Amino acid sequence: MGKDVEVAEQGEFSAKDYHDPPPAPLIDFEELGQWSFYRALIAEFIATLLFLYVTVLTVIGYKSQTDPIKNSDECGGVGILGIAWAFGGMIFILVYCTAGISGGHINPAVTFGLFLGRKVSLIRAVLYMVAQCLGAICGCGLVKAFQKAYYNRYGGGANELADGYNKGTGLGAEIIGTFVLVYTVFSATDPKRNARDSHVPVLAPLPIGFAVFMVHLATIPITGTGINPARSFGAAVIYNKEKAWDDQWIFWVGPFIGAAIAAIYHQFILRAAAIKALGSFRSNA
């Protein structure tokens, strides 16, 4: 009983004395001389490669199992639900594995949102995005190397705007879907929440994976669900068909806008960063 009280008191003390960590520097050249930085880049590259490899294979497998030309059962395969689980489950696994090394971004839109929230420097953000895009290209390249006939026949897992939807609808779906994801990332990794709710174990990868799962359920019929520019870019590079490139801008502009809105909403409205800054300015005046 005495130990329980002691733990509770320590939790209250740490939450009461909590201060926001300082923002990441805009440009931090010192990172370029640290092995931990390059280890993080490798982690982002490998994680995105594995993400694309498993998820694109799932998409192609589903299309093969339900191909009417092969007289397959239209209700066979994993279905949209299974595809959504593949994307959400892989994000859960990979964020869990890489969070302690690189932060587990695995998505340029997430990296962009965290950069706007001053969680990472510009140098780290740019090189993370490069590593993620290269990983996505290599992941899709492996899928094509192992199953070239199926890859070309079933669209290579490339994101395209579905027939019957205009570009505005597709863009809106990507903006809202990415907002849900990046908002969840900010909330799940908020250090103030972890300090305040230290008595409740929070496993950040779980809500992030569920956010990806739920967004896929909603937007697969519209755009195939991008919400990750590296995922869309890697599939388009390897598949390299006109339709995938025609719609490619949607899968960059939409996620970046959604990530920016999520960062502003969380940092300046929910966390009231602007009000805190104004109060600090007045107190120093």
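Residues numbered from 1 in each chain as written. Predicted model: local features only at pLDDT ≥ 70, side-chain atom pairs only at ≥ 80, totals over all residues. Heavy atoms only, no water.

Under an unreviewed UniProt entry, the protein chain has the name Aquaporin PIP2 and belongs to Melia azedarach.

Details of the state of the cysteines
Counted according to the given criterion, the structure contains zero disulfides. The thiol of cysteine 140 is unpaired, and the distance to the nearest cysteine sulfur, on cysteine 138, comes to 9.6 Å. (Disulfide = S-S within 2.5 Å.)

Some details on the environment of valine 182
Note that valine 182 resides in helix α7 (residues 167-188). Non-local contacts of valine 182, meaning those with residues more than four positions away in its chain, are made with Ala109, Val110, Gly113, Ala259 and Ala262. (Helix = DSSP H or I, 4+ residues; strand = E, 2+ residues; numbered from the N terminus. Contact = heavy atoms within 4.5 Å.)

Considerations on unusual backbone geometry
Its identity as a non-glycine residue notwithstanding, arginine 118 has a phi of 60°, on the positive side. If you check the backbone angles, isoleucine 227 has positive phi at about 50° while not being a glycine. When you line up the elements, isoleucine 227 lands in the loop between α9 (205-223) and α10 (229-239). Of the residues examined, isoleucine 227 reaches a relative accessible area of 2% and is grouped as buried. (Buried < 20%, exposed > 50% of the residue type's maximum accessible area, 1.4 Å probe, protein only.)

Things to note about the packing of aromatic side chains
Inspection of every chain in the model, using the stated rule, returns 15 aromatic pairs. On the numbers, 6.0 Å between centres and 20° between planes, the contact of tyrosine 150 with tyrosine 154 is stacked. Using a relative accessible area of 34% as the deciding quantity, one classes tyrosine 150 as partly exposed. Judged by relative accessible area, which is 7%, tyrosine 154 ranks as buried. Judged by centre distance (6.3 Å) and plane angle (85°), the rings of phenylalanine 210 and phenylalanine 213 are edge-to-face. (Phe/Tyr/Trp six-rings, centres within 6.5 Å; stacked < 30°, edge-to-face > 60°.)

Some details on the packing of helix α4 (residues 108-116) against helix α12 (residues 250-270)
For the pair α4 and α12, interaxial distance at closest approach is 8 Å and the crossing angle is 35°. Like other packed secondary-structure pairs, α4 and α12 cross with a definite hand, here right-handed. Contacts between α4 and α12 involve Pro108, Ala109, Phe112, Gly113 and Leu116 from the first element and Pro255, Phe256, Ala259, Ala260 and Ala263 from the second. Within the contact of α4 with α12, the residues separate by chemical class into nine nonpolar, one polar and no charged. (Axes fitted to C-alpha atoms, helices over the stretch in contact; angles between N-to-C directions. Left-handed = near helix turned anticlockwise from the far one by under 90°. Nonpolar A, V, L, I, M, F, W, Y, C, P; charged D, E, K, R; others polar.)

Here's the deal with helix α3 (residues 79-98)
Counted at 1.5 Å a residue, the expected span for α3 with its 20 residues is 28 Å, and the 29 Å between its end C-alpha atoms agrees. Turning to α3, its buried residues number three or more, namely Gly79, Gly82, Ile83, Ala84, Ala86, Phe87, Gly88, Met90, Ile91, Leu94, Val95 and Thr98. For α3, the secondary structure elements touched by its buried residues are α2 (35-65), α9 and α10. (Expected span 1.5 Å × (residues − 1).)

Side note on the side chain of asparagine 228
One can find asparagine 228 in the loop between α9 and α10. Among the polar contacts listed, one links the side chain of asparagine 228 to the backbone oxygen of isoleucine 106, at a separation of 2.9 Å. When neighbours within four sequence positions are excluded, asparagine 228 is seen to be in contact with Phe51, Ile106, Asn107, Pro108 and Pro255. (Polar contact = N/O pair within 3.5 Å; in protein donor to acceptor, adjacent residues only side chain to side chain.)

With respect to the environment of proline 191
Residue position: proline 191 is located in helix α8 (residues 191-196). Note on proline 191: relative accessible area 29%, which makes it partly exposed.

Thoughts on the packing of α7 against α12
Between α7 and α12, whose axes approach to 7 Å, the crossing angle comes to 40°. Regarding the angle of α7 to α12, the classification is oblique. Every pair of crossing elements has a handedness; the one defined by α7 and α12 is right-handed. The class makeup of the residues in the contact of α7 with α12 is 17 nonpolar, seven polar and two charged. (Parallel < 35°, antiparallel > 145°, perpendicular 65-115°, else oblique.)

Details of the pattern of salt bridges
Evaluation of the coordinates by the stated rule reveals two salt bridges. The salt bridge partner of glutamate 31 is arginine 124, with a shortest N-O separation of 2.8 Å. Of this pair, glutamate 31 sits in the loop between α1 (2-16) and α2 while arginine 124 is found in helix α5 (residues 122-146), placing the two residues 93 residues apart along the sequence. You'll find glutamate 31 and arginine 124 in the same group, each marked buried. (Salt bridge = Lys/Arg side-chain N within 4 Å of Asp/Glu carboxyl O.)

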